[in-house]
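These are the residues of each chain, in order.
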Amino acid sequence: MSCGFTIEYAARMKPVVIFGKLLVLAGWFWGIASFVSPGSVPRPDIGRMMVLGLLAVHVAEAFVFAKKLASEDGGSVGQHVGQLMVFGYLHVLGVRYG
């Protein structure tokens, strides 16, 4: 893999990562609203299940990636854990590809 290819790939990945993060944030908001005010969102039962699933997956990702990201990218482990809890693997992609 040449350096030019890596830069092109990183440039193409950035909007994908941003779009993915926006979708994950929308999922978090919908799921949390399903707990707080179930009458204000469509299908609060699915929203509650989604937020529990996001939480479980992102906790696992935090255990797997936080220390490695802190050593690769700098910053504190706690900072990376927070980002992983919200965005999951999209945070890893964001660190690696900008």
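Notes on the structure follow.

Reading guide: rules and limits
Residues numbered from 1 in each chain as written. Predicted model: local features only at pLDDT ≥ 70, side-chain atom pairs only at ≥ 80, totals over all residues. Heavy atoms only, no water. Axes fitted to C-alpha atoms, helices over the stretch in contact; angles between N-to-C directions. Helix = DSSP H or I, 4+ residues; strand = E, 2+ residues; numbered from the N terminus. Parallel < 35°, antiparallel > 145°, perpendicular 65-115°, else oblique. Contact = heavy atoms within 4.5 Å. Nonpolar A, V, L, I, M, F, W, Y, C, P; charged D, E, K, R; others polar. Phe/Tyr/Trp six-rings, centres within 6.5 Å; stacked < 30°, edge-to-face > 60°. Lys NZ or Arg CZ within 6 Å of the ring centre and 35° of its normal. Expected span 1.5 Å × (residues − 1). Bend = angle between axes of the 7 residues up to and from the residue. Buried < 20%, exposed > 50% of the residue type's maximum accessible area, 1.4 Å probe, protein only.

### Points about the packing of helix α3 (residues 77-87) against helix α4 (residues 89-97)
Part 1 of the reasoning: Packing of α3 against α4 leaves a shortest axis separation of 6 Å and a crossing angle of 120°. Of the possible angle classes, the one that applies to α3 and α4 is oblique. Residues His 80, Gln 83, Leu 84 and Phe 87 of α3 form the contact with α4, whose own contacting residues are Tyr 89, Leu 90, His 91, Val 92 and Val 95.
Part 2 of the reasoning: When grouped by side-chain class, the residues that make up the contact of α3 with α4 number six nonpolar, three polar and no charged.

### Observations regarding unusual backbone geometry
Part 1 of the reasoning: Non-glycine residue Arg 43 carries a positive phi angle of around 50°.
Part 2 of the reasoning: Structurally, the position occupied by Arg 43 is in the loop between α1 (3-36) and α2 (44-73).

### Some details on the packing of aromatic side chains
Part 1 of the reasoning: Following the criterion strictly, the structure yields one aromatic pair and no others.
Part 2 of the reasoning: Pairing Phe 65 with Tyr 89 gives two aromatic rings, centres 5.4 Å apart and planes at 50°, and the pair type is tilted. With Phe 65 in helix α2 and Tyr 89 in helix α4, this residue pair connects regions lying 24 residues apart in the sequence.
Part 3 of the reasoning: Residue placement shows Lys 21 over the ring face of Phe 87; its charged tip is 4.8 Å from the ring centre.

### Let's talk about α2
Part 1 of the reasoning: Here α2 spans only 38 Å end to end across 30 residues, well under the 44 Å set by a 1.5 Å rise per residue.
Part 2 of the reasoning: In the structure, α2 departs most strongly from a straight axis at Phe 65, where the bend amounts to approximately 45°.
Part 3 of the reasoning: What α2 keeps buried is the set Pro 44, Gly 47, Val 51, Leu 54, His 58, Glu 61, Ala 62, Phe 65, Ala 66, Leu 69 and Ala 70.

### Examining the side chain of His 91
Part 1 of the reasoning: Tracing the chain through its elements places His 91 in helix α4.
Part 2 of the reasoning: Residues in contact with His 91, not counting those within four places in the same chain, are Lys 21, Leu 69, His 80, Gln 83 and Leu 84.

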